[in-house]
Amino acid sequence: MLAAALVIGALLAVAAVWFVARPFLSRSEDRLPVEPSSERLALEEERDRALAALKELEFDHRTGKVSDEDYRGLVGELRRQAADALKALDAGTPRADVRRPG
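Computed from a predicted structure; not experimentally measured. (Residues numbered from 1 in each chain as written. Predicted model: local features only at pLDDT ≥ 70, side-chain atom pairs only at ≥ 80, totals over all residues. Heavy atoms only, no water.)

(A) Layout of the packing of helix α2 (residues 38–62) against helix α3 (residues 68–91). At a minimum axis distance of 9 Å, the contact between α2 and α3 shows a crossing angle of 155°. By the angle between their axes, α2 is roughly antiparallel relative to α3. Of the two possible hands of crossing, α2 and α3 adopt the one that is left-handed. Contacts between α2 and α3 involve Arg40, Leu43, Glu44, Glu46, Arg47, Ala50, Leu51, Ala53, Leu54, Leu57, Glu58 and His61 on the former and, on the latter, Asp68, Tyr71, Leu74, Val75, Leu78, Arg79, Gln81, Ala82, Ala85, Leu86, Ala88 and Leu89. Partitioned by chemical class, the residues of the contact of α2 with α3 number 15 nonpolar, two polar and seven charged. (Axes fitted to C-alpha atoms, helices over the stretch in contact; angles between N-to-C directions. Helix = DSSP H or I, 4+ residues; strand = E, 2+ residues; numbered from the N terminus. Parallel < 35°, antiparallel > 145°, perpendicular 65-115°, else oblique. Left-handed = near helix turned anticlockwise from the far one by under 90°. Contact = heavy atoms within 4.5 Å. Nonpolar A, V, L, I, M, F, W, Y, C, P; charged D, E, K, R; others polar.)

Structure (structure tokens):
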């Protein structure tokens, strides 16, 4: 009876060690984060620039620094740029007309 309890205890200990060590024993490339491609980074930068410009334009319009007419002329293009970048990011495919910083 004591021998059976020792065997079961040893098996449980081995199983617990294996369960805890399993993530550390997996291949290292499974744990490394994937670096985004340069196309994705360019799209994210374009999205961020367009959204920042929209935010600034909205603020300037609310504070009276930009007239209604100027606001209407500028907001559509900025919204289109942001939407295009977001769509391309969602689709996971780079757009051909992305302007590279440089």
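(B) Here's a closer look at α2. For α2, built from 25 residues, the straight-helix expectation of 36 Å at 1.5 Å per residue is met to within 8% by its first-to-last C-alpha distance of 36 Å. Buried residues along α2 sit against α3. With its phi angle positive at about 90°, Gly64 sits one or two positions after the end of α2. (Expected span 1.5 Å × (residues − 1).)

(C) The arrangement of a nonpolar patch on the surface in detail. Among the surface-exposed residues, Trp18, Phe19 and Val20 lie close enough to one another that they form a single nonpolar patch of about 370 Å² accessible area. Here Trp18 lies in helix α1 (residues 2–25). (Patch = residues over 30% accessible without salt bridge, like charges linked within 9 Å, V, L, I, M, F, W, Y side chains within 5 Å. Areas by Shrake-Rupley, 256 points an atom, 1.4 Å probe, with all protein chains shown as cover. Salt bridge = Lys/Arg side-chain N within 4 Å of Asp/Glu carboxyl O.)

(D) Molecular detail of the pattern of salt bridges. Taken as a whole and judged by the stated rule, the model has six salt bridges. For Arg62, the salt bridge is made with Glu58, and the minimal N-O distance between the two is 3.9 Å. With Arg62 and Glu58 both in helix α2 and four residues apart, the pair spans about one turn of that helix. Take Arg62: its relative accessible area is 70%, and that puts it in the exposed class. (Buried < 20%, exposed > 50% of the residue type's maximum accessible area, 1.4 Å probe, protein only.)

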